[in-house]
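# Breakdown of the fold
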Amino acid sequence: MTDLPTTHSAVPQPRLAASVILLRDAPSGLEAFVQHRVSTMDFAAGMVVFPGGRVDSADGSGWDYPAELLQRHASEWNQSSVGANPAEAVRNAGTILTAAIREVQEEAGLTIEAAHLRPWANWITPTDMPKRFDTFFYIAKPTAGATPQHQTTEAWQSLWMPVAEILAAEAAGTLKLMPPTYYLLKELAGFGTVDQVWTAEHSVVPVLAPVGSMAAFLKERENRR
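This is a predicted model, so every value here is computed, not measured.

Before going further, it helps to examine the overall build of the protein. Broken down by element type, the protein carries six helices and nine strands. A fraction of 72% describes how many contacts in the protein between residues 6 or more apart in sequence connect residues 24 or more apart. Roughly 10,900 Å² of accessible area belongs to the protein as shown, and the carbon and sulfur atoms make up 53% of that amount.

As structure tokens, this is what we get:
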């Protein structure tokens, strides 16, 4: 799978990445499993994020998903770089899916089935950022009793948090979110249950934020506090 083309050699190519929004129902509403990244990371330092990471070359082979599932995922990702070459779309969908499953296992110690992952969003880092990612976000509906763990050195804490609580803490300035995480949580806050999210009509429209948007987002959030 190839990265998105650029129009100028000085613009860093976005690396392919997968991120998984693990959700569960709770008395207070939807909860998401999030990780508080350590402040020494060279990307998203000190931010609260969903489990995920870069796509590895090994993710492109060794899997055997149902053809119908891959076709459905390829169709849902069709506006993204996954569908840039229609002849490779199904294989690309399998590669991204494998990366998502692997990252959840590596970072949260949880084995999640392909059928419990739904394509949800695609965000591409603005072209003025030194490190860029073409990130594919999945909604995950773990089986009842699934217990993800904190087992990544990239974060100092991993835990379930109410979606509303995460947004309230961000507004109060007690935690920080990257723009995709913030807007995805704002969107999910409008749902009452995991099943409502899972069955919602939802199209994946890639988001390539404009130049300067990251700095503007952080400044705007700081000014609101």
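With that out of the way, let us pick up the packing of aromatic side chains. Taken as a whole and assessed by the stated rule, the structure comprises eight aromatic pairs. Arranged with centres 5.5 Å apart and planes meeting at 20°, the rings of Trp-63 and Tyr-65 form a pair that is stacked. Trp-63 sits in the partly exposed class, given a relative accessible area of 22%. Measuring from centroid to centroid gives 5.0 Å for Trp-77 and Phe-136, while their planes differ by 85°, and the two rings are edge-to-face. One end of the pair, Trp-77, is in the loop between helix 1 (67–76) and helix 2 (89–108); the other, Phe-136, is in strand 6 (residues 133–140), with 59 residues separating them in the sequence. As far as burial versus exposure is concerned, Trp-77 and Phe-136 are alike and both buried. Ring pairing ties together the aromatic residues Trp-77, Phe-136 and Tyr-138, which thus form one cluster.

Let us now look at the environment of Glu-107. Tracing the backbone shows Glu-107 in helix 2. For Glu-107, the side chain forms a polar contact with the main-chain nitrogen of Gly-52, separated by 3.1 Å.

Parameters at a glance
Here the residue index of a chain counts from 1 through its sequence in written order. Totals for whole chains, interfaces and linings use every residue, but because this is a predicted model, local features are given only for residues with pLDDT of at least 70 and side-chain atom pairs only at 80 or more, for both listing and counting. As a rule here, side-chain values come from all non-hydrogen atoms in the structure, and water together with hydrogens is ignored. Each helix is a run of DSSP H or I of at least 4 residues and each strand a run of E of at least 2, with the numbering of both proceeding from the N terminus. Two residues qualify as a contact provided that any one of their heavy atoms is within 4.5 Å of a heavy atom in the partner residue. Surface exposure here means Shrake-Rupley accessible area, sampled with a 1.4 Å probe, where a residue is shielded only by the protein chains that are shown. Any pair of Phe, Tyr and Trp rings, taking the six-membered ring for Trp, is counted once the centres come within 6.5 Å. Such a pair is stacked with planes under 30 degrees apart, edge-to-face with planes over 60 apart, and tilted for the rest. When accessible area is computed with a 1.4 Å probe and restricted to protein chains, residues below 20% of their type maximum are described as buried, those above 50% as exposed, and intermediate ones as partly exposed. We call two N or O atoms a polar contact when they sit within 3.5 Å, provided that within protein one can donate a hydrogen and the other can accept it, with sequence-adjacent residues counted only if both atoms are side-chain atoms.

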